[in-house]
Amino acid sequence: MIFVSKMPWRAPRSFLLPLALALTAVMPDLASAQESGDAPTLPEAAAGEAPDGSVGGMGDINLYPKRVTIDRRQRIASIGLYNRTIDPGEYEISLIDMVMSPTGEVFQLDNLPEGVPTDKLRTASEFLRWSPRRVRLLGSEAQTVRIMARPPSDLPEGEYRSHFLAVSVPQDVDTGFSINDAVNGGDADGPDIGVTIRPRFGISIPVIVRIGETTLDVSLDHVGFVETPEGLAIALTIAREGTRSAFGDIIVTAPGSDEPVAIARGIGVYPEVDSRQVLLGINSEFDVSLLQSGLSLTARYIDDDFTPGETLASSTFAVP
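Being a predicted model, the structure only gives us computed values, none of them experimental.

A. Local environment of the sheet that holds strand β16 (residues 246-253). Taken in spatial order, the four strands line up as β17-β16-β19-β20 in an open sheet, and their pairing is antiparallel. Of all strands in the sheet, those with a lone pairing partner are β17 (262-269) and β20 (311-318), marking the two edges. Within this sheet the neighbouring strands show an average axis-to-axis angle of 20°, counted without direction. With six bridges connecting them, β16 and β17 associate as antiparallel partners. Counted as the bridge partner of V252 is A262 from β17.

Structure representation (structure tokens):
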């Protein structure tokens, strides 16, 4: 049995509690890494909320942070699961392998549409270890999951990636009046006819493992205005070279305005693609009357990964 610590939101030192040792091969490594100070702590959040920088989906769970990077400086990572509702929930923790398409969509390897190449994908699932693998959280409760990379010594330098996935486990509940009741008019002896649909919501974040030295060179190409069914937008292509993924924010600015013309946060380009197409809507807070023909605008791609705040690439273009 694996004993883990679960705690309410208000516990100020909750994420510093050590995981107990367990009779598995991975737990001693995770525990010793934590004791050595390699395991980072996670932020707290108020009841019913999740910390800034977390990611949520259609279900009741949030994950923090939005992505995880493991390298020679950081041997182990902590991922926080936050149940932001008042109801309890149970979640299965696993790793899946996914690939990015040139349009920026990410697909599971076992459910790929035609035409999505996988020849440059390097997965990390075979050498990642994590614990626990199933958790139950009360309402407004949090849980830390530790994840560690144990790559083979002869693994070539570069970036490897898999995705941490938390999926809700359906709870046994009384569904009330069923299709079977409707067909049989409430007669318990009638034929068993019924359908039960229980959605399983899942949310994932990338876990990136960098081996040795990695390189990255980025440019912004084909930047310009386009008309879309939703209105005016800015289209561009992020071109990437090297062995490392790019991740950051795209900000388009205009002279004379404190508000950006357009902004998109958390835009990534994984190593399996050489470029990614991006479409940015015009910022609703921007004064579009400033977009006079010939006005020069600047698009910047700001790093939020390897060297946060650094400009990875920039491009100037004019209003037509």
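B. How the structure looks around the environment of R133. One can find R133 in the loop between β9 (128-131) and β10 (134-137). The residues touching R133, leaving out its near neighbours within four places in the chain, are Y91, E92 and I93.

C. Inspection of unusual backbone geometry at higher detail. For the bond running from Y64 to P65, omega is 0°, close enough to zero to count as cis. Position of P65 relative to the elements: it lies in the loop between β3 (61-64) and β4 (68-70). The linkage connecting S131 with the following residue, P132, adopts the cis geometry, with an omega of 0°. Tracing the backbone through its elements, the reader meets P132 in the loop between β9 and β10. Positive phi outside glycine occurs at S140, with the angle close to 60°. Mapping S140 onto the fold places it in the loop between β10 and β11 (141-149). The class of S140 is buried, set by a relative accessible area of 15%. Not every positive phi belongs to a glycine, and H222 is a case in point at roughly 55°. The residue H222 is located in strand β14 (residues 216-228) in this model.

D. Representation of the pattern of salt bridges within the structure. For the structure on display, the rule yields ten salt bridges. Between D305 and R67 there is a salt bridge; the shortest N-O distance is 3.4 Å. Taken as a pair, D305 in the loop between β19 (296-303) and β20 and R67 in the loop between β3 and β4 lie far apart in primary sequence, 238 residues in all. Its relative accessible area of 11% is what places R67 among the buried residues. The partner of R161 in a salt bridge is E272, with the nearest N and O atoms 2.7 Å apart. Taken as a pair, R161 in strand β12 (residues 158-168) and E272 in the loop between β17 and β18 (275-281) lie far apart in primary sequence, 111 residues in all. Given the relative accessible area of 7%, E272 is considered buried. Beyond isolated ion pairs, a larger network of salt bridges with shared partners links R67, E159, R210 and D305.

E. Spotlight on the packing of aromatic side chains. Considering all chains together, one arrives at two aromatic pairs under this definition. Pairing F127 with Y160 gives two aromatic rings, centres 5.9 Å apart and planes at 75°, and the pair type is edge-to-face. Highlighted residues: F127 in the loop between β8 (106-108) and β9 and Y160 in strand β12, separated in sequence by 33 residues. Each member of the pair, F127 as well as Y160, is classed as buried. Ring geometry for F225 versus F317: centroids 5.8 Å apart, planes at 55°, classification tilted. Note that F225 is positioned in strand β14 and F317 in strand β20, a separation of 92 residues in sequence.

F. A look at the sheet that holds strand β13 (residues 202-211). An order of β4-β13-β12-β6-β10 is seen for the five strands of this open sheet, with the pairing classed as mixed. Unpaired on one side and paired on the other, β4 and β10 mark the two borders of the sheet. Here the average twist between neighbouring strands, direction ignored, is 25°.

G. Fine view of the environment of N283. With respect to the secondary-structure elements, N283 resides in the loop between β18 and β19. Through-space distance from the C-alpha of N283 to that of V261 is 5.5 Å; in sequence the pair is 22 residues apart.

What counts as what
Residues numbered from 1 in each chain as written. Predicted model: local features only at pLDDT ≥ 70, side-chain atom pairs only at ≥ 80, totals over all residues. Heavy atoms only, no water. Pairing = 2+ DSSP bridges. Helix = DSSP H or I, 4+ residues; strand = E, 2+ residues; numbered from the N terminus. Axes fitted to C-alpha atoms, helices over the stretch in contact; angles between N-to-C directions. Contact = heavy atoms within 4.5 Å. Buried < 20%, exposed > 50% of the residue type's maximum accessible area, 1.4 Å probe, protein only. Salt bridge = Lys/Arg side-chain N within 4 Å of Asp/Glu carboxyl O. Phe/Tyr/Trp six-rings, centres within 6.5 Å; stacked < 30°, edge-to-face > 60°.

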